[in-house]
Amino acid sequence: MPEFFSMVNLSDRRSITETISAISDPRETAVVLAARAVLRALPLIVDEYDIKKSKGALEFPFKVFSAANITWAVARYPELRGQQRAQVRRIKIFEYGAVSTAISFALAATDRAAGAASFAAGPAAADAASGAIEATRRAFLNDLVAADAALEHDFDCLTNGTLLPRELAGQPLWLGATPNLIPDLFTIAKEELYRILSKRPTWDVWIDWYEARLLGKSSNEKAEIDRIAIAARYPTIGIRYINDEIKDRVDAVSSWSEKLETLKQTRLGAKFVQQGNRLTIDPRGDESDVVVSHDTVMLQLHEGIKRRAREFSEIAKRVDNLIGWQGLGAAAVQFREAVECATEDVPDRIGLVYDSTISLGSFLDLDARLRKSSDRTNADPLDLEVQRAFIDLIRAAAPWLRRFPTARMLDDEAGAFLSRTEHFEAAARIVQIAESTSVILRQDSELLTAVVDAGRRGAFQGEKASARSIWSSKNLVTALAVIFSFETGLINNKAAEQSIIAQNGARLYLSAETEILRLFEDAPEDIRQAMAALIDDLRRQMGGSPTNLPEKPKERFDSLRRLKEGESEGEN
């Protein structure tokens with residue numbers, strides 16, 4: 001795709017307005033460009049207003065941060081522009097210089113973007129945004145090269161379609177800039193502003209917020225809405241009390257989201273990625289698997305395995321209706337479908353091949369156990385003809401599969417992992433709820449359920465399946481946690497693209513609260529508390545009340561441990 005550069009003339013306000021109007025959805029574009037411009041200039045308020053000495057000094061920076069907050073929130077979450085329009089109009093900035101003038105223009109752009117008639121709202125917002133950009137350039141007059149480089153980069157991202165406006169809003173403010181291109185004027189002013197405000201009680205709530213925007217850290221829509229609503233109570237309540245409430249109510253949400261966004265899915269379980277409004281299994285291996293797949297011997301072995309898999313899937317159908325052998329036919333079909341591809345395509349589905357292999361292999365373990373047992377009231381061993389075909393398939397498939405590095409790693413790690421019964425049952429329950437809440441696709445649910453069933457059969461393959469089930473369920477919960485950490489406010493936002501997966505994910509979390517906490521009971525303390533805090537927040541957002549839960553997240557894990565200890569004592 002060829003690159004198109006904005007060719008905007010930043011010294012000409014008319015050129016800025018026309019360029020914004022020409023980009024897709026000028027309303028979103030105008031608010032984003034204005035918000036990012038004023039955020040870059042915000043620390044420079046120390047040069048146009050003496051916060052340390054002036055009467056009512058705290059009111060000015062408070063209004064500046066409040067204005068920047070609401071402008072940026074609408075830029076990041078454009079569906080808020082109508083909802084927050086009244087709050088935008090409420091904020092009046094004292095214009096002491098270029099920065100405060102730019103912020104007034106940014107507020108005007110945010111207000112105009114919410115106009116009912118889009119054909120008029122776009123150009124009006126673009127004109128106000130150009131005013132904000134023009135004013136910020138005056139603020140950076142002594143270092144225009146760096147300031148203009150950042151502006152031009154923003155314009156280019158939107159003109160080229162590299163980023164959507166809302167995506168650009170969440171990026172670092174000096175996106176694409178090397179440290180020596182960030183104006184010294186900005187760095188010095190920011191340090192001075194932080195030094196002054198840090199001496200005032202609870203102003204860290206605004207310093208931390210600005211630092212997050214500066215670095216492009218993840219955001220939380222609900223936290224932004226709550227921050228705006230609390231700040232709107234000024235001057236009915238004082239700034240210090242407002243900051244205290246923000247710290248108590250908003251930072252609690254930000255705290256768990258920042259913790260959980262660092263969670264990573266483990267390679268030991270099925271990896272989940274978002275596909276539309278659901279999560280789906282990503283079965284791909286790595287580059288080392290690709291090398292192996294081109295081996296001539298692997299190709300020959302694979303052809304024999306595909307032939308055996310087709311033959312055995314027909315044999316297994318006849319056994320599937322016998323007592324104790326229900327599911328063998330489905331497992332054989334899953335395996336046949338997993339390996340029915342070109343050898344060079346196996347690395348792209350190695351996870352599916354591995355899962356279907358241990359699911360099928362667990363039935364062979366069951367047959368061996370029945371042959372050794374004198375009690376055959378629940379099931380009889382397989383007919384010798386069926387057993388021979390089964391053994392022939394597994395003996396061919398197992399060593400072939402282990403030649404793929406990813407499968408070998410999964411097999412070795414799963415075999416060494418000692419799964420706990422309570423964790424396995426929790427994992428099984430989460431898989432069941434994931435399908436009923438439409439969090440995962442049906443075919444993925446069937447595969448995960450087959451692995452869970454294999455885990456219940458015990459023995460060698462069953463133990464591997466049990467470990468795989470636990471790690472897969474943890475990965476599923478982790479994938480949702482990361483989505484929540486970025487977009488938790490979308491749960492109640494019916495217009496949001498992510499709302500469906502957010503709502504369904506919340507239903508899973510609230511239905512499987514005990515199981516989720518049990519799976520993460522061995523996690524670090526901060527992750528455990530963040531997970532419990534997330535569940536509390538989801539309950540509030542879904543219209544429930546956390547009053548029936550222990551007040552502190554840690555207490556919930558403590559009570560879970562006491563319950564487990566009681567179960568252990570009962571077993572003894």
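Values in this document were obtained by computation on a predicted structure and should not be read as measured data.

**Digging into the confidence of the model for the chain**
Moving on, step 1. Here the chain shows a mean pLDDT of 85. Residues at 70 or above account for 87%.
Moving on, step 2. Looking at the elements of the chain, mean pLDDT is at its lowest for helix α25 (residues 553-571), recorded as 52, and at its highest for helix α2 (residues 26-41), recorded as 97.
Moving on, step 3. Across residues 488-497, where pLDDT falls below 50, the model places 29 contacts with residues more than four positions away in sequence or in other chains.
Moving on, step 4. Predicted confidence is poor over residues 545-554, with pLDDT under 50, and the contacts of this stretch with residues over four places away or in other chains come to 16 contacts.

**What about unusual backbone geometry?**
Moving on, step 1. Looking along the chain, the bond that leaves tyrosine 234 and enters proline 235 is cis, with omega of 5°.
Moving on, step 2. Note that proline 235 resides in the loop between α11 (221-231) and α12 (239-260).
Moving on, step 3. The phi dihedral of aspartate 25 is positive, around 50°, even though this residue is not glycine.
Moving on, step 4. With respect to the helices and strands, aspartate 25 occurs in the loop between α1 (13-22) and α2.
Moving on, step 5. What makes aspartate 25 partly exposed here is its relative accessible area of 28%.
Moving on, step 6. Phi at serine 438 takes a positive value of approximately 60°, unusual for a residue other than glycine.
Moving on, step 7. Within the element layout of this structure, serine 438 appears in the loop between α19 (421-436) and α20 (442-456).

**Digging into the packing of aromatic side chains**
The geometry of an aromatic ring pair comes down to the distance between the two centres and the angle between the two planes.
Moving on, step 1. Counted under the stated rule, the structure contains 14 aromatic pairs.
Moving on, step 2. Arranged with centres 6.4 Å apart and planes meeting at 75°, the rings of tryptophan 206 and tryptophan 209 form a pair that is edge-to-face. Taken as a pair, tryptophan 206 and tryptophan 209 lie in helix α10 (residues 204-215) at a separation of three residues, close to a single helical turn. Tryptophan 209 carries the same exposure label as tryptophan 206, and that label is buried.
Moving on, step 3. Grouped by ring-pair contacts, the aromatic residues Phe62, Phe65, Trp72, Trp203, Trp206, Trp209 and Tyr234 constitute a single cluster.
Moving on, step 4. Note that arginine 40 overlies the ring of tryptophan 174, its terminal NZ or CZ placed 5.7 Å from the centroid.
Moving on, step 5. One Lys or Arg, arginine 227, reaches over the ring of tryptophan 206 and ends 5.2 Å from the middle of that ring.

**Observations regarding the environment of alanine 434**
Moving on, step 1. Within the secondary structure, alanine 434 sits in helix α19.
Moving on, step 2. Along the sequence, alanine 434 and serine 511 sit 77 residues apart, while their C-alpha atoms lie 9.7 Å from each other.
Moving on, step 3. If sequence neighbours within four positions are ignored, alanine 434 has contacts with Val439, Ile440, Leu476 and Leu508.

**Thoughts on the packing of helix α5 (residues 98-113) against helix α6 (residues 118-139)**
Moving on, step 1. Following both chains from N to C, one finds α5 and α6 inclined at 165°, their axes separated by 8 Å at the closest point. Considering their axes alone, α5 and α6 lie roughly antiparallel with respect to each other. Of the two possible hands of crossing, α5 and α6 adopt the one that is left-handed. Only Ala121, Ala124, Ala125, Asp127, Ala128, Ala129, Gly131, Ala132, Ala135, Thr136, Arg138 and Ala139 of α6 make contact with α5, whose side of the interface consists of Ala98, Val99, Thr101, Ala102, Phe105, Ala106, Ala108, Ala109, Arg112 and Ala113.
Moving on, step 2. Residues that form the contact of α5 with α6 fall into these classes: 16 nonpolar, three polar and three charged.

Reading the values: rules and limits
Residues numbered from 1 in each chain as written. Predicted model: local features only at pLDDT ≥ 70, side-chain atom pairs only at ≥ 80, totals over all residues. Heavy atoms only, no water. pLDDT = per-residue confidence, 0-100. Helix = DSSP H or I, 4+ residues; strand = E, 2+ residues; numbered from the N terminus. Contact = heavy atoms within 4.5 Å. Buried < 20%, exposed > 50% of the residue type's maximum accessible area, 1.4 Å probe, protein only. Phe/Tyr/Trp six-rings, centres within 6.5 Å; stacked < 30°, edge-to-face > 60°. Lys NZ or Arg CZ within 6 Å of the ring centre and 35° of its normal. Axes fitted to C-alpha atoms, helices over the stretch in contact; angles between N-to-C directions. Parallel < 35°, antiparallel > 145°, perpendicular 65-115°, else oblique. Left-handed = near helix turned anticlockwise from the far one by under 90°. Nonpolar A, V, L, I, M, F, W, Y, C, P; charged D, E, K, R; others polar.

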